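Report on the structure
What follows is the residue order along each chain.
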Amino acid sequence: QVQLVESGGGLVQAGGSLRLSCAVSGRTFSLYGMGWFRQVPGKEREFVSLITWSGGSRTYADSVKGRFTISRDNAKNTVYLQMNSLKPEDTAVYYCAADFGPPTAAWRSANTYDYWGQGTQVTVSS
């Protein structure tokens, strides 16, 4: 009943920028928030950013503060992740995720989220 479709990944040089998009279809009227996570082989899925759907409150992992910006277009049911000043350590598969609540203090945990996109590869060359 809910599908997430991601786009925007690719190869970019260090210092460059990419914008990821994630379109949500299906049930969205009770959506609480959307998150971005990333994962590299052999490591756990890492929290990147979160935005609440109604209020637009934003939070970021320390590793991306000042470089990444999360935003959403409620009319288009789409969340974005603008990534600037990219570093090689940002290389990962990036996933968007939908949280239908209830609100929890465990918002950094992947287990909090109810639906996931397929992931999009971001590769940053040095």
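This text goes with the structure placed above it.
This section reports on the structure supplied with the text. This one's a predicted model, so the numbers in the text were calculated from it and none came from an experiment. (Residues numbered from 1 in each chain as written. Predicted model: local features only at pLDDT ≥ 70, side-chain atom pairs only at ≥ 80, totals over all residues. Heavy atoms only, no water.)

Thoughts on the pattern of salt bridges
With the rule as written, the count across this model stands at four salt bridges. For E46, the salt bridge identified is with R38, shortest N-O distance 3.0 Å. For the salt bridge of K65 with D62, the shortest nitrogen-to-oxygen distance reads 3.1 Å. Classification of D62 by relative accessible area gives exposed; the value is 61%. A single salt-bridge network, built from bridges that share partners, covers R38, E46, R67 and D90. (Salt bridge = Lys/Arg side-chain N within 4 Å of Asp/Glu carboxyl O. Buried < 20%, exposed > 50% of the residue type's maximum accessible area, 1.4 Å probe, protein only.)

Some details on the environment of L31
Relative to the elements of secondary structure, L31 occurs in the loop between strand 3 (18–26) and strand 4 (33–39). Remark: the alpha-carbon pair of L31 and T52, spanning 21 residues in sequence, is separated by 8.5 Å. Discounting chain neighbours no more than four positions away, the residues touching L31 are W53, A98, D99 and F100. (Helix = DSSP H or I, 4+ residues; strand = E, 2+ residues; numbered from the N terminus. Contact = heavy atoms within 4.5 Å.)

A closer look at the state of the cysteines
For the structure on display, the rule yields one disulfide. Each disulfide pairs two cysteine sulfurs, and for C22 the partner residue is C96, the sulfurs being separated by 2.0 Å. The S-S bond linking C22 to C96 shows a torsion near 55°; that makes this disulfide right-handed. Taken as a pair, C22 in strand 3 and C96 in strand 9 (residues 92–99) lie far apart in primary sequence, 74 residues in all. No difference in accessibility class separates C22 from C96, as the two residues are buried. (Disulfide = S-S within 2.5 Å.)

Considering the side chain of T52
Considering the arrangement of structural elements, one finds T52 in strand 5 (residues 46–52). Looking at T52, the relative accessible area reads 13%, which means it is buried. With near-sequence residues (within four places) excluded, T52 lies in contact with Y32, G33, S57 and R72.

A word on the pairing of strand 9
Among the eight residues of strand 9, seven are classified as buried, and the element is accordingly described as predominantly covered. As defined by bridge partners, strand 4 adjoins strand 9 across seven bridges and the pair is classed as antiparallel. The residue bridging G35 from the neighbouring strand is A97, located in strand 9. Judged from the three bridges that link them, strand 9 and strand 11 (residues 120–125) form a sheet pairing that is antiparallel. The partner of Y94 across the bridge, within strand 11, is T120. Two strands pair when backbone bridges link them, and strand 9 and strand 10 (residues 115–116) are joined in this way by two bridges, in the antiparallel orientation. For A98, the partnering residue across the bridge sits in strand 10 and is Y115. (Pairing = 2+ DSSP bridges.)

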